[in-house]
Amino acid sequence: MTVRDPATSFGDVATQYAAQRPAYPQAIFEFLLANLSGPRALCVDLGAGAGLATEALISCFERVIAVDPDARMLAALAAPVAQRVCASAEEADFPEGSVDVVVAATSFHWMDQEKVIARVARWLRPSGVFFPFLYGPFVVEGEAKAVFQAHRALWAPYRDPRLGARADYSRALAGSGRFAKLLTYSDEVRLKIASDAAAGLFLTASYAREYARDNGGEDAYRLRLAEDFAAIGVIDVRLPLGGVLAIAPSD
């Protein structure tokens, strides 16, 4: 088994990721705005990837800057952002107190969380907000559940440990002591999709993709997945969604 660092592999499937992953529901951005006081001038989309959160952020803020370490992901970002910055979250920099909101959509667990929190806390203006949120692991229900679980067992050895404890964003944020208030967000997205679309969606997960890479390649494995689900027809998929909104001190 050979495993690449999945944090640097998403650019391999930038177009697929943009097409297959669902955008985030409007409710999560309403939650953000309801808990943001003051200006809405600048939002930094940290680890923006293919921009699944970016379009909604553009409608909420005067300027959005997309930051991602992979130029291929930024190239797949269709949203008209004010600026694209090809840099890691640990390397990106903005003037102290210049940013109203920093968002990290399904990306914060790949980062050096302690270092990134320190940088974000410096960028934020008083009462500014850092909001990392993420889709959790896919949950398949109904008739397709057993088929999905059999494949998920194959992927398990390829699952990066950062998808465990570091996906609990509240731990890092509370432990930093840099924020005045933390608020949790919880929701879910439900999809009913055909077998081929389900196969494509599951292969946007880093560990499923790495398994496929080691076992005949992604194209062959996608066909195998689609064939295993084909007899079922429509696949019921649930994506848990959660996050922690951290509010900077007021002065």
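Here, every reference points to the structure presented above.
Residues numbered from 1 in each chain as written. Predicted model: local features only at pLDDT ≥ 70, side-chain atom pairs only at ≥ 80, totals over all residues. Heavy atoms only, no water.

Below, the discussion takes up the packing of aromatic side chains. Each aromatic ring pair is summarised here by two numbers: the centre-to-centre distance and the angle between the ring planes. In the structure shown here, the tally under the stated rule is 19 aromatic pairs. With a centroid separation of 5.0 Å and an interplanar angle of 80°, the aromatic rings of Tyr24 and Phe133 are classed as edge-to-face. Note that Tyr24 is positioned in the loop between helix 1 (14-20) and helix 2 (26-34) and Phe133 in strand 5 (residues 124-135), a separation of 109 residues in sequence. The same class applies to Tyr24 as to Phe133, namely buried. Members of the aromatic cluster, joined through ring pairs, are Tyr24, Phe29, Phe31, Phe131, Phe133, Tyr135 and Tyr185. (Phe/Tyr/Trp six-rings, centres within 6.5 Å; stacked < 30°, edge-to-face > 60°. Helix = DSSP H or I, 4+ residues; strand = E, 2+ residues; numbered from the N terminus. Buried < 20%, exposed > 50% of the residue type's maximum accessible area, 1.4 Å probe, protein only.)

It is worth spelling out the packing of helix 8 (residues 195-202) against helix 10 (residues 218-230) at this point. Between two packed helices, both the angle of their axes relative to each other and the distance between the axes serve to describe the pair. Between helix 8 and helix 10, the shortest axis-to-axis distance is 8 Å and the interhelical angle comes to 135°. One way to sum up the angle between helix 8 and helix 10 is to call them oblique. Pair helix 8 / helix 10 crosses with right-handed handedness. Within the contact between the two elements, helix 8 uses Ser195, Asp196, Ala199, Gly200 and Phe202 and helix 10 uses Arg222, Leu225, Ala226, Phe229 and Ala230. When the residues that make up the contact of helix 8 with helix 10 are grouped by side-chain class, the tally is six nonpolar, two polar and two charged. (Axes fitted to C-alpha atoms, helices over the stretch in contact; angles between N-to-C directions. Parallel < 35°, antiparallel > 145°, perpendicular 65-115°, else oblique. Left-handed = near helix turned anticlockwise from the far one by under 90°. Contact = heavy atoms within 4.5 Å. Nonpolar A, V, L, I, M, F, W, Y, C, P; charged D, E, K, R; others polar.)

Attention now moves to the pattern of salt bridges. Opposite charge on two side chains makes pairing possible when the charged atoms of those side chains draw close. Per the stated rule, a full pass over the model turns up 11 salt bridges. When the shortest N-O distance is used, the salt bridge between Asp70 and Arg72 registers 2.8 Å. Salt bridges sharing partners connect three or more residues here, namely Glu141, Glu188, Arg190 and Arg238. (Salt bridge = Lys/Arg side-chain N within 4 Å of Asp/Glu carboxyl O.)

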